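Okay, here's what each chain looks like letter by letter:
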Amino acid sequence: IVDGTHNEDGARVLNEYLQSLNCNKHVIISMMVNKEHEKYISYFKDIASITTIDLKTQPNSINGKDLKEKFKNVPNVKFHEGIEQAIKSVKLANGDLLLITGSLYLCAEVLNLN
């Protein structure tokens, strides 16, 4: 799923949907620096892994390493520099879900890969 939510309300609604799914959920995320990162991620429950990335196309984005540090209390967080490396790094089993979220700019970057 490529999703453009980037605030608390979006995260809450997205997580309500994710909770209705019976599968392992993996998240790749990048966000703008002015967002409430910890509040956003606090809505996500039962996530198998989170990968933060740099969004190099946007100067107002938070560095992926800094975002990973903000998520230090969340289990299974890792960092990759770019979206392609992050996608390749996620070990998906049959039926698992990959969610890419946190920024409309990130959605555009993902769609440009196609």
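Scroll up for the structure.
Below or above, wherever it landed, is the structure these notes cover. (Residues numbered from 1 in each chain as written. Predicted model: local features only at pLDDT ≥ 70, side-chain atom pairs only at ≥ 80, totals over all residues. Heavy atoms only, no water.)

What follows is about the sheet that holds strand β1 (residues 25–29). The sheet built from four strands is open, its strands ordered β3-β2-β1-β4 with parallel pairing. Only two strands of the sheet have a single neighbouring strand rather than two, namely β3 (77–80) and β4 (97–101). The sheet shows a mean angle of 20° between the axes of neighbouring strands, taken without regard to direction. By the bridge criterion, four bridges tie strand β2 (residues 49–53) to β3 in an arrangement that is parallel. Bridging from a neighbouring strand, isoleucine 50 pairs with valine 77 of β3. Of the strands in this sheet, β1, β2 and β4 are in contact with helix α5 (residues 104–113), which crosses β4 at around 125°. (Pairing = 2+ DSSP bridges. Helix = DSSP H or I, 4+ residues; strand = E, 2+ residues; numbered from the N terminus. Axes fitted to C-alpha atoms, helices over the stretch in contact; angles between N-to-C directions. Contact = heavy atoms within 4.5 Å.)

This part takes up the nonpolar core. One finds Ile29, Tyr40, Phe44, Ile50 and Phe71 to be the most contacted residues of the largest nonpolar core, which totals 17 residues. Secondary-structure elements contributing two or more residues to this core are α1 (8–19), β1, α2 (37–42) and β4. The element contributing the most residues to this core is α1, with three residues. Beyond its immediate stretch of four places on either side in the chain, isoleucine 29 contacts Tyr40, Ile41, Ile50, Thr51, Thr52, Ile53, Leu67, Phe71, Thr101, Gly102 and Leu106. Judged by nonpolar contacts, the second largest core, of 11 residues, contains Met32, Ala86, Val90 and Ile100. (Core = buried A, V, L, I, M, F, W, Y, C linked by side-chain atoms within 4.5 Å. Buried < 20%, exposed > 50% of the residue type's maximum accessible area, 1.4 Å probe, protein only.)

Let us now look at unusual backbone geometry. With the exception of glycine, the majority of residues adopt a negative phi angle, and the majority of peptide bonds are in the trans configuration. Non-glycine residue aspartate 46 carries a positive phi angle of around 55°. In this fold, aspartate 46 is placed in the loop between α2 and β2. By relative accessible area, which is 59% here, aspartate 46 ends up exposed. Unlike most non-glycine residues, asparagine 76 shows phi in positive territory, near 60°. Relative to the helices and strands, asparagine 76 resides in the loop between α3 (64–70) and β3.

As for its placement among the helices and strands, proline 59 is situated in the loop between β2 and α3. A relative accessible area of 74% means that proline 59 is categorised as exposed. Measuring from C-alpha to C-alpha, the distance between proline 59 and valine 33 comes to 9.2 Å, with 26 residues separating the pair along the chain.

One can find histidine 37 in helix α2. A residue is classified by how much of its surface remains accessible, and histidine 37, at 1% relative accessible area, is buried. In this structure the side chain of histidine 37 is engaged in a polar contact, spanning 2.9 Å, whose partner is the backbone oxygen of methionine 32. The residues contacting histidine 37, other than those within four sequence positions of it, are Met31, Met32, Ile62, Leu67, Lys70 and Phe71. (Polar contact = N/O pair within 3.5 Å; in protein donor to acceptor, adjacent residues only side chain to side chain.)

Attention shifts here to the state of the cysteines. Covalently bonding the sulfur atom of one cysteine to the sulfur atom of another cysteine gives a disulfide. Per the counting criterion, the structure on display carries zero disulfides. Looking at the unpaired cysteine 23, the closest cysteine sulfur is the one in cysteine 107, lying at 18 Å. Residue classification places cysteine 107 among the buried residues on the basis of a relative accessible area of 9%. (Disulfide = S-S within 2.5 Å.)

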